[in-house]
Amino acid sequence: MKKFLTLSLGSAALALTLGMVSGAYAADGAELFKVKTCWACHGKDANTPIMPTYPKLAGQNADYAFNQMKDIKSGARNNGQTAAMKGVMGLVSEEEMRAIADWLGTL
Ligand code: HEC
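Criteria and cut-off values
Residues numbered from 1 in each chain as written. Predicted model: local features only at pLDDT ≥ 70, side-chain atom pairs only at ≥ 80, totals over all residues. Near = placed C-beta within 6 Å. Helix = DSSP H or I, 4+ residues; strand = E, 2+ residues; numbered from the N terminus. Nonpolar A, V, L, I, M, F, W, Y, C, P; charged D, E, K, R; others polar. Core = buried A, V, L, I, M, F, W, Y, C linked by C-beta atoms within 7 Å. Buried ≥ 20, exposed ≤ 12 C-beta atoms within 10 Å, placed from the backbone. Contact = placed C-beta atoms within 7 Å. Axes fitted to C-alpha atoms, helices over the stretch in contact; angles between N-to-C directions. Left-handed = near helix turned anticlockwise from the far one by under 90°. Expected span 1.5 Å × (residues − 1).

### Some words on the site of the ligand
Phase 1: Within the structure, the ligand sits among 22 residues, and Cys38, Cys41, Gln68, Gln81 and Met85 are positioned closest to it.
Phase 2: Where the shell around the ligand is concerned, the elements lending two or more residues are α2 (38-42), α3 (62-74) and α4 (82-89).
Phase 3: Of the residues that constitute the shell around the ligand, the class distribution is 13 nonpolar, 7 polar and 2 charged.

Set out below in structure tokens:
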């Protein structure tokens, strides 16, 4: 009985930790979107870009968004408009892109 109690407490703690980790992950994406100045071009809600030709990002597929960020950073995606964003991507790691992309996908 004692052993059972310890075990179930252990897994409850684990579930709690996992829940907290995934919660923090989503919050990080939103936070990074501000800290890395993404919102300055794409809008605070990721849906009201400052220029009509800039893309809306809210609700975008997370894997797609992640790949576009990687390609813009590496230069694989390169057109007249990507130059605007490329500079800032030097300050964004792949892990951070992933967190932002996952957050965008939830909007
Ligand atoms: C200086 C303005 C600017 C900043 C800052 C900026 N972007 Fe962009 N972003 C753009 C422009 C312009 C495009 C469209 C590029 C093109 O036409 O290929 C774009 C494209 C994208 C795309 C691809 C969208 C699609 O539908 O293919 C994603 C995702 C994205 N930005 C995310 C971000 C994130 C995340 C940040 C912050 C780390 C950021 N951007 C910062 C201007 C900016």
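### Topic: the nonpolar core
Phase 1: Of all hydrophobic cores here, the largest spans 16 residues; its most connected members are Ala65, Met69, Met97, Ile100, Ala101 and Leu104.
Phase 2: Of all the secondary structure elements, the ones that give two or more residues to this core are α3 and α5 (94-106).
Phase 3: Once residues lying within four places of it in the same chain are set aside, the contact partners of Leu104 are Ala46, Leu57, Ala58, Gln60, Ala62 and Ala65.

### A word on the packing of α3 against α5
Two quantities define a packed helix pair, namely the angle between the helix axes and the distance between the axes.
Phase 1: For the pair α3 and α5, the least separation of the axes is 8 Å and the interaxial angle reads 145°. In this structure, α3 crosses over α5, and the sense of that crossing is right-handed. Counted together, Ala62, Ala65, Phe66, Met69 and Lys70 of α3 and Glu94, Met97, Arg98, Ala101, Asp102, Leu104 and Gly105 of α5 form the full contact between these two elements.

### Observations regarding α5
Phase 1: Helix length check: α5, at 13 residues, gives a terminal C-alpha distance of 19 Å against a target of 18 Å (1.5 Å per residue), a fit within 8%.
Phase 2: Within α5 the residues assigned to the buried category are Met97, Ala99, Ile100, Ala101, Trp103 and Leu104.

### Quick look at α3
Phase 1: Taking 1.5 Å per residue as the helical rise, α3 with its 13 residues ought to reach 18 Å, and the 18 Å between its terminal C-alpha atoms agrees with that figure.
Phase 2: The inward-facing, buried residues of α3 contact α4 and α5.
Phase 3: Looking one or two residues beyond α3, the residue adopting positive phi is Gly75, at roughly 95°.

### With respect to unusual backbone geometry
A negative phi angle characterises most non-glycine residues, just as the trans form characterises most peptide bonds.
Phase 1: Phi angles above zero are rare outside glycine, and Thr37 is one such case at about 65°.
Phase 2: For Thr37, the position within the fold is in the loop between α1 (2-35) and α2.
Phase 3: Taking the number of C-beta atoms within 10 Å as the measure of exposure, Thr37 has 12 and is therefore exposed.
Phase 4: Even without being glycine, Ala46 reaches a positive phi, approximately 60°.

### Looking at the environment of Gly29
Phase 1: Mapping Gly29 onto the fold places it in helix α1.
Phase 2: Gly29 has contacts with Ala99, Ile100, Asp102 and Trp103, leaving out every residue within four places of it along the chain.

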